[in-house]
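The residues making up each chain are set out below.
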Amino acid sequence: MLPNISGPAAAGRLAETILEALRDASDAPEVPIATSIGIALSPDDADDRQSLMSHADVALYRAKKEGRGTYRFFEAKMGAEVRDRRQLDHDLRLAISRDELWLAYQPQLDIRHGKVVGFEALVRWRSPSRGEISPGVFIPVAEETGAILQIGDWVLKEACREAASWKMPLKVAVNVSAVQLHNASFAQELHQILIETGLSAKRLEIEITETALVRDLNRTLATLRQVKALGVEIAMDDFGTGYSSLSNLRAFPFDRIKIDRSFIKQVNSNQQAATIVRAVLGLGKGLGLPVIAEGVETDEELRFLQEESCDEVQGYLLGRPASIDSFRQYTHLEAGLPPAASDKRVANG
Ligand code: C2E
Ligand code: MG
Ligand code: MG
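Each residue is numbered by its place in its chain's sequence as written, counting from 1. Here chains are named by letter from A upward and ligands by number from 1 upward, in the order in which they appear as written. At least 70 in pLDDT is required for a residue's local features to be given in this predicted model, at least 80 for side-chain atom pairs to be given and counted, and no such filter applies to totals for whole chains, interfaces and linings, which use all residues. Where side-chain values are given, they derive from all heavy atoms of the structure, hydrogens and water being excluded.

Asks: Can you walk me through the overall build of the protein in this structure?
Replies: Secondary structure elements follow DSSP: runs of H or I no shorter than four residues count as helices, runs of E no shorter than two count as strands, and numbering proceeds from the N terminus. What the protein contains, in helices and strands, is 14 helices and 11 strands. Expressed as lengths along the three principal axes of its C-alpha atoms, the size of the protein is roughly 80 × 45 × 40 Å. Only protein chains enter the accessibility calculation, which uses a 1.4 Å probe; a residue whose area is less than 20% of its type maximum is buried, one above 50% is exposed, and one in between is partly exposed. Taking all 349 residues of the protein together, the buried fraction comes to 46%. For the protein, the proportion of contacts with a sequence separation of at least 24, taken over those separated by at least 6, is 65%. Accessible area for the protein stands at about 18100 Å²; split by element, carbon and sulfur atoms hold 51% of it. The distance from the centre of the 41 positive side-chain charges to the centre of the 49 negative ones in the protein is 3 Å. The contact criterion used is simple: two residues touch if any of their non-hydrogen atoms lie within 4.5 Å. Only the protein chains shown count as cover for residues, with accessible areas throughout obtained via the Shrake-Rupley method and a probe of 1.4 Å. Charge counting treats Lys and Arg as positive and Asp and Glu as negative, with His and both chain ends excluded. Every charge is mapped to an atom, namely NZ of Lys, CZ of Arg, CG of Asp or CD of Glu.

Asks: Help me out: how do you make sense of the coordination of the magnesium ion (ligand 3) in this one?
Replies: A metal bound by six donors in octahedral fashion has ideal angles of 90 or 180 degrees, whereas one bound by four tetrahedral donors has an ideal angle of 109.5 degrees. Distances decide who is a donor: an N, O or S atom must be within 2.8 Å of the metal, or within 3.2 Å for Na, K and Ca. Water is not included, so sites may look incomplete. Coordination of the magnesium ion (ligand 3) by the protein involves Asp-237 (OD), Asp-238 (OD), Glu-294 (OE) and Glu-294 (OE), with metal-donor separations of 2.0 to 2.5 Å. Sequence spacing of the donors to the magnesium ion (ligand 3): D-D-x55-E. Separating the magnesium ion (ligand 3) from the magnesium ion (ligand 2) is a distance of 4.0 Å, and Asp-237 supplies a donor atom to each of them. On the accessibility criterion, Asp-237 (6% relative accessible area) is buried.

Asks: Looking at this model, I keep getting lost on the coordination of the magnesium ion (ligand 2). Mind explaining?
Replies: Coordination of the magnesium ion (ligand 2) by the protein comes from Glu-120 (OE), Asn-175 (OD1), Glu-207 (OE) and Asp-237 (OD), over a distance range of 2.0 to 2.2 Å. Between consecutive donor residues of the magnesium ion (ligand 2), the sequence gaps follow E-x54-N-x31-E-x29-D.

Asks: Please explain the packing of aromatic side chains as it appears in this structure.
Replies: Aromatic rings from Phe, Tyr and Trp, with only the six-membered ring used for Trp, were paired whenever their centres fell within 6.5 Å, and each pair was classed as stacked if the ring planes differed by under 30 degrees, edge-to-face if by over 60, and tilted otherwise. Counted under the stated rule, the structure contains six aromatic pairs. Ring centres of Phe-119 and Phe-327 lie 5.2 Å apart, and the angle between their planes is 45°; this geometry places the pair in the tilted category. Placement of the pair is Phe-119 in strand 4 (residues 115-127) and Phe-327 in the loop between strand 11 (312-313) and helix 14 (328-331), with a sequence separation of 208 residues. Residue classification places Phe-327 among the buried positions, given a relative accessible area of 0%. On the basis of an interplanar angle of 85° and a centroid distance of 5.5 Å, the ring pair of Trp-125 and Phe-138 is categorised as edge-to-face.

Asks: Whenever I open this one, the site of ligand 1 confuses me. Can you help?
Replies: By nearness alone, 22 residues border ligand 1, and Asn-175, Asp-237, Arg-261, Glu-297 and Tyr-316 come closest of all. Val-123 is positioned such that a nitrogen or oxygen atom in its backbone is 3.2 Å from a nitrogen atom of ligand 1. Within 3.5 Å is the distance limit for a polar contact, defined as a pair of N or O atoms, with the added protein rule that one can donate a hydrogen and the other accept it, and that residues adjacent in sequence qualify only through two side-chain atoms. At 3.0 Å from an oxygen atom of ligand 1 is found a side-chain nitrogen or oxygen belonging to Asp-238. Relative to its free-state accessible area of 800 Å², ligand 1 is covered by the protein chains to the extent of 84%. Elements with a contribution of two residues or more to the shell around ligand 1: strand 4, helix 4 (135-145), helix 5 (147-164) and strand 8 (233-239). Looking at the shell around ligand 1, the element that brings in the most residues is strand 4, giving four residues. Considering only residue class, the shell around ligand 1 consists of nine nonpolar, five polar and eight charged. When at least one non-hydrogen atom of a residue lies within 4 Å of a molecule or strand, that residue is treated as near it. Polar here means any residue outside two lists: the nonpolar Ala, Val, Leu, Ile, Met, Phe, Trp, Tyr, Cys and Pro, and the charged Asp, Glu, Lys and Arg; Gly therefore counts as polar.

Asks: Could you clarify how one ought to interpret the packing of helix 2 (residues 49-65) against helix 3 (residues 76-97) in this entry?
Replies: Packed helices, taken two at a time, are described by their axes: the angle between them and the distance between them. To obtain each axis, a line is fitted to C-alpha atoms, and for helices this fit is confined to the stretch in contact; angles are then taken between N-to-C directions over 0 to 180 degrees. It is the contact of helix 2 with helix 3, at a shortest axis distance of 10 Å, that shows an interaxial angle of 80°. The pairing of helix 2 with helix 3 is recorded here as roughly perpendicular in orientation. Here helix 2 contributes Val-58, Ala-59, Tyr-61, Arg-62 and Lys-65 to the contact with helix 3, which in turn contributes Met-78, Gly-79, Glu-81, Val-82 and Arg-85. By residue class, the composition of the contact of helix 2 with helix 3 is five nonpolar, one polar and four charged. Angles below 35 degrees are treated as roughly parallel, those above 145 as roughly antiparallel, those between 65 and 115 as roughly perpendicular, and all remaining angles as oblique.

Asks: What am I meant to see in the pairing of strand 6 (residues 171-175) here?
Replies: A regular strand carries its side chains on alternate faces of the sheet. Only strands joined by at least two bridges in the DSSP assignment are considered to pair. With four bridges joining them, strand 4 and strand 6 adopt parallel strand pairing. When the sheet's bridge partners are listed, Glu-120 is paired in strand 6 with Ala-173. Of the strand pairs in this sheet, strand 6 and strand 7 (residues 204-208) are connected by four bridges, and their pairing is parallel. Note that in strand 7 the partner of Ala-173 across the bridge is Glu-205.

Asks: I tried to follow the nonpolar core on my own but got confused; where do I start?
Replies: Most often, soluble globular proteins have nonpolar side chains that are buried together. Grouped together as the largest cluster of nonpolar side chains are 82 residues, with contacts concentrated most on Tyr-105 and Leu-305. Considering every element that reaches this core, the biggest residue donor is helix 5, with nine residues. Aside from chain neighbours lying at most four places away, what touches Leu-305 is Ile-111, Ile-264, Val-277, Ala-293, Val-296, Cys-310 and Val-313. Nonpolar core, defined: a set of buried Ala, Val, Leu, Ile, Met, Phe, Trp, Tyr and Cys residues in which side-chain atoms within 4.5 Å join the residues together. Within the second largest apolar cluster, nine residues are counted, among which are Leu-52, Ala-56, Val-58 and Phe-74.

Asks: How should the environment of Leu-213 be read in this particular structure?
Replies: Here Leu-213 shows up in helix 8 (residues 210-215). Separated by 31 residues in the primary sequence, Leu-213 and His-182 place their C-alpha atoms 9.7 Å from one another. When neighbours within four sequence positions are excluded, Leu-213 is seen to be in contact with Ile-208, Thr-220, Leu-224, Met-236, Asn-248, Phe-252 and Phe-254.

Okay, structure coming up:
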């Protein structure tokens, strides 16, 4: 509280000073101090104590979202965004009990044998009031509010139950968020789900991103070791988009690398992207980790990956995420690819 501040500019200068002082104080790497500051002004932003504090909090939240280590002033439109998110969170929590979530599945293909070897489960929310909402929108909100724990639990159960019902013992890959991994009983709950659904552990793979690792390295590592001890495999998702990828690959018990689709998209147009993909494939080979490329959309991309001996592919070219019923020929028939898919295309659902 700064009762005698002369105006916004002075508040900004003070914020700079605080940030700088704490930055200097955090020279000891074992105790990093991260600082973010939100500022609300009276009477412009609010004239009672409670709304002033809550507006400052909204601005603080924005400062964190925009990279941390910075400060932001409250703006009226931020308040509206916060209300929208709260409403979204509220609707999302009801979505599970109201059966509004469902899983789409996307095939993963072994390039050498031209065979579907598994599916990635991707959560979908069909809201009566909002329509179809992309997981790219609601998963980050759910991670922030903690609703991801419930959602993630539902997704795991549903995907395991579904895969256990297939005649073919194909694999199922499930995305797991950092928040779920930080829950100390994650592996235990996973074990329980495997027992309940009767899915063999080796048919389940969890996909995690590098951001999941960075937040709390030791805790995540402990959880991942337990997961691995169950016999469940672990894939590093969106590889190449996070940080310290290389040391993560060594430190964590991964079974598979998924190259992010942003690199695949450019393999034929951008020399650098092609070089990165080749390097990741070499890295996988050297470390004995199979590599799967995601976001394969064109024949040229597929050919490139084939020539570079990539192990598996996933993407619109092979099949868009769709209801599992549309993939019955893979989940329930002994047959390999049907004649229509001999060009390695899987029926789009
Ligand atoms: P992701 O795990 O990297 O999933 C791949 C995303 O790429 C999916 O988007 C998929 O529909 C999309 N995709 C697949 N093939 C292609 C292609 O050829 N071209 C293009 N442009 N895109 C393709 P989606 O389903 O919107 O999911 C987005 C992200 O949301 C996922 O990225 C994942 O991080 C997250 N997510 C989805 N389902 C879950 C879930 O059950 N739990 C958690 N924690 N996160 C999830
Ligand atoms: Mg994924
Ligand atoms: Mg991905």
